[in-house]
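# Chains, contacts and geometry: an overview
Now for the letters of each chain:
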Amino acid sequence: MNKNFAVRGGSGNIIEPKRDARPQDNLYLAVNSEWIEKTKIPEDRSRMASFDGIDVDVEKHLMHDFADFAAGKKELPSVPDMDEAVKLYKLARDFAKRNADGAAPIKSDLELLDGIKDFSDYNLNAPDLATFAILPFSFGVSPDMKNTKVNALYFSGPGTFLPDTTTYQTPDAPKLLDILQKQSVKLLTMAGIDQAKAEKYAEDAIKFDAKLSKIVKSTEEWADYPATYNPMKIADFEAKFDQFKIAYYLKEAIGEEPERIIVEEPRYLDHINEIINEENFDEIKGWMLVNFINAAADSLSQEFREAAFPFSQALSGQPQLTSGEKQAYYIANDSFSEVVGVYYGQTYFGKEAKEDVEDMIHRMLEVYKERLQNNDWLSEQTKKRAIIKLDALVLKIGYPDKIEEIYNRLKVIPANEGGSLYSNERAFTIVQQKYNIEQLHKEVDRTVWAMPGNLVNACYDPQRNDLTFPAAILQKPFYDLKQDRAANFGGIGSVIAHEVSHAFDNNGAQFDELGNMTNWWTDEDYAEFKKRTQAEIDLFDGIEYGPVKLNGKQIVSENIADQGGLTAAVEAAKNENDDLKKLFENFARIWANKQLTESIKSQTAVDVHAPGPLRANVQSQCQDDFYKVFDVKPEDGMWLDPEKRVHIW
């Protein structure tokens, strides 16, 4: 590896501020060092980034509004189901009742779990348990990847206690699992389980989790989206199970045995009998109880919330537990996300801004089309198909026109009618499961939004071939009607083109304009694309970021999207003779990030995105215009040899 490739990401430690950094040596630090020095991470967070800064403001506005709605100081808006969201908020905020109730709301569910006698009892009760507890497998309905007009039933394994299977190989793993084990014993005894029994349950849970961690997919494997598509005839699927009565479970929990099923984790299914068997019964039971009590604690008293905090704190480094007031907002927002998003969009997202952003999206799409037409490594045949896909993209900007049907079904039972926070959330889970299963025999609804309007994010859905830009991301530093157009190109312009590029990343490239998984490439073009994808993997693989080294394969799809996004934004700004210096500076600004060490470890284990600071620098290093704008020389820290610069889109 030559010296220039070794300093991918600029010279110096990208995490530490350096006021005198030059953009030629480290663009990210030149732009953000003052911000890093001045920014304080709130006590109830583990990082602050540009995204988080906006999120904090969004939260403040909405928490204030919820408090006013609850107190009757502000009239409820005419957004469907907002009244139910406020009812749930009031229930969650009533800590006098939550504290007085203690463990009472979970008593019957805990007794049911605790009372399962043996494996045959477990077989019999599994469909009922699935309505409130986690089983060592899951089923869900989603569009069929090869025919996105219809839905299909999908099967996968469970998650692990630690963030990723790779976390089990780190020196931190034993300490983290010990914290979880002790925390679980405390929670179970607080809920009325005998100490010796609680200790046995927690010990068994850790043993079962260790078995799971050797078989379930890692984040890197999950990042290969098309590899999750493994259709099977139901008879072949059921034949894989020896001791667990899967046919009975499907009939009871799903209501039928569909003709086929799509297996997302084939390796897990191949090992299913080593996991779910009579011999493992005690471990399965302990694992379910530990999952249950740690999840339920959040809906109980302040004492339970505090007792359930150490493990999360150890993973994130977050100094303090979120306040009860904020948790109440989070709970209401979580259950009624689309409802709250529509309220936010209608209240805080201006018509003028929406029109301007729409204009920018269409400009970026035009630029993208030109770039595809002028592409020098694709054949005409593949170009034509790529442009058909681009033209078919559906745009979802701000917030949806109609709220999805599921929200009309979520009815809050208040405390004076016997409802608790736990009982309402449990009832919501059953409604959501039923609603999801109902979709199995319905056509795919392409109008459904993947993100609510108050989320500071954006996304591309390969199965719907649509782009979603929630209202919350359409503000500074990403976008501002009053800021320089070049800065907007470096911010929201690059984000727009980033999402467009997902249609042509290593996953999106395998889906057509209808969202179906089909090959629309010539063999030669796809071979070249894979070569360039590998170059993108190599570009990021092994880069050090604080306490971790990046896994280039895990983050490749997002890096391809970043590469395409910044390239198209630069092209758009050049077409308008904009100041590219301002573009690159704002591109670096949107990735400003300050994060606790524990949080860096946990996030990089599961995130398919590179850390923000490296997104800023490494992608800029691959832009030939960056070198011209800042007069970067081979001896400078941001120099990357031309043959090492990755160009895909």
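A short tour of the structure in this document, coming up. This is a predicted model, so every value here is computed, not measured.

Conventions and cut-offs
Residues numbered from 1 in each chain as written. Predicted model: local features only at pLDDT ≥ 70, side-chain atom pairs only at ≥ 80, totals over all residues. Heavy atoms only, no water. Helix = DSSP H or I, 4+ residues; strand = E, 2+ residues; numbered from the N terminus. Buried < 20%, exposed > 50% of the residue type's maximum accessible area, 1.4 Å probe, protein only. Contact = heavy atoms within 4.5 Å. Areas by Shrake-Rupley, 256 points an atom, 1.4 Å probe, with all protein chains shown as cover. Lys, Arg positive; Asp, Glu negative; His and termini not counted. Charge placed at Lys NZ, Arg CZ, Asp CG, Glu CD. Expected span 1.5 Å × (residues − 1). Phe/Tyr/Trp six-rings, centres within 6.5 Å; stacked < 30°, edge-to-face > 60°. Lys NZ or Arg CZ within 6 Å of the ring centre and 35° of its normal. Pairing = 2+ DSSP bridges. Axes fitted to C-alpha atoms, helices over the stretch in contact; angles between N-to-C directions. Core = buried A, V, L, I, M, F, W, Y, C linked by side-chain atoms within 4.5 Å.

Let us look at the overall build of the protein. Helices and strands together make up the secondary structure of the protein, namely 29 helices and 11 strands. Once the C-alpha set of the protein is aligned to its principal axes, its extents read approximately 70 × 60 × 50 Å. Split into buried and exposed, the 649 residues of the protein put 58% on the buried side. By sequence separation, contacts in the protein at least 24 residues apart represent 74% of the contacts at least 6 residues apart. For the protein, the computed accessible surface area is about 27100 Å², with 49% contributed by carbon and sulfur atoms. Put simply, the protein has 76 plus and 108 minus side-chain charges, and the middle of one group is 2 Å from the middle of the other.

Next up on the list: helix H24 (residues 523–540). If you check H24, its first and last C-alpha atoms are 26 Å apart, about what 18 residues at 1.5 Å a residue would give, namely 26 Å. Just downstream of H24, Gly542 is the residue with a positive phi angle, here 85°.

Moving on, we come to the environment of Ala227. Among the structural elements, Ala227 can be located in the loop between helix H10 (219–222) and strand S4 (231–233). Its relative accessible area of 31% is what places Ala227 among the partly exposed residues. Sequence-wise, Ala227 and Val263 are 36 residues apart; in three dimensions their C-alpha atoms are separated by 9.7 Å.

The subject of this paragraph is the packing of aromatic side chains. Counted by the stated rule, this structure contains 43 aromatic pairs. Residues Phe139 and Phe155 carry aromatic rings whose centres are separated by 5.4 Å and whose planes lie at 55° to one another, so their mutual orientation is tilted. With a gap of 16 residues between them, Phe139 in strand S2 (residues 138–144) and Phe155 in strand S3 (residues 147–156) connect regions that are remote in the sequence. You'll find Phe139 and Phe155 in the same group, each marked buried. Considering the side-chain rings of Phe292 and Tyr422, the 6.3 Å spacing of their centres and the 90° angle between planes classify their relative orientation as edge-to-face. Linking Phe292 in helix H15 (residues 281–296) with Tyr422 in helix H22 (residues 421–438), this pair joins segments that are 130 residues apart in sequence. Just as Phe292 is buried, Tyr422 falls in that class too. Here the guanidinium or amino end of Lys389 rests over the ring plane of Phe504, the centre of that ring lying 5.8 Å away.

Glancing now at the sheet that holds strand S6 (residues 394–398). As summarised here, the arrangement of the three strands in space is S6-S8-S7, forming an open sheet in which the pairing is mixed. The open sheet terminates on both sides in strands that have one partner only, identified here as S6 and strand S7 (459–461). On average, each strand axis in the sheet is inclined to that of its neighbour by 15°, with strand direction left out of account. Sheet analysis places S7 next to strand S8 (residues 466–470), joined by three bridges and oriented antiparallel. Its bridge partner lying in S8, Cys459 is registered against Thr468.

Ranked by size, the top nonpolar core spans 119 residues in total, and within it Phe336 and Trp649 carry the most contacts. It is helix H20 (residues 351–373) that contributes the most residues to this core, nine residues altogether. By size, the runner-up hydrophobic cluster in this structure holds 73 residues, among which are Ala133, Leu212, Phe292 and Leu315.

Pairing within the open sheet is mixed, and its four strands lie in the order S2-S3-S5-S4. Every other strand in the sheet has two partners, leaving S2 and S4 as the edge strands with one partner each. Strand-to-strand, the axes of this sheet are offset by a mean angle of 40°, without reference to chain direction. As judged from the three bridges shared by S4 and strand S5 (residues 260–263), these two strands associate in the antiparallel manner. What sits directly across from Met232, in S5, is Ile261. In this fold helix H12 (residues 246–254) packs onto S2 and S3, with an angle of close to 65° to the strand it touches most, S2.

Time to look at unusual backbone geometry. Residues apart from glycine generally show negative phi values, whereas peptide bonds are mostly found in trans. For the bond running from Lys476 to Pro477, omega is 0°, close enough to zero to count as cis. Within the fold, Pro477 resides in the loop between S8 and helix H23 (485–501). Of note in the backbone geometry, Asp81 takes a positive phi value of approximately 70° without being a glycine. Relative to the elements of secondary structure, Asp81 occurs in the loop between helix H3 (50–71) and helix H4 (82–93).

Everything listed here is a matter of coordinates, which is why it stays silent on function.
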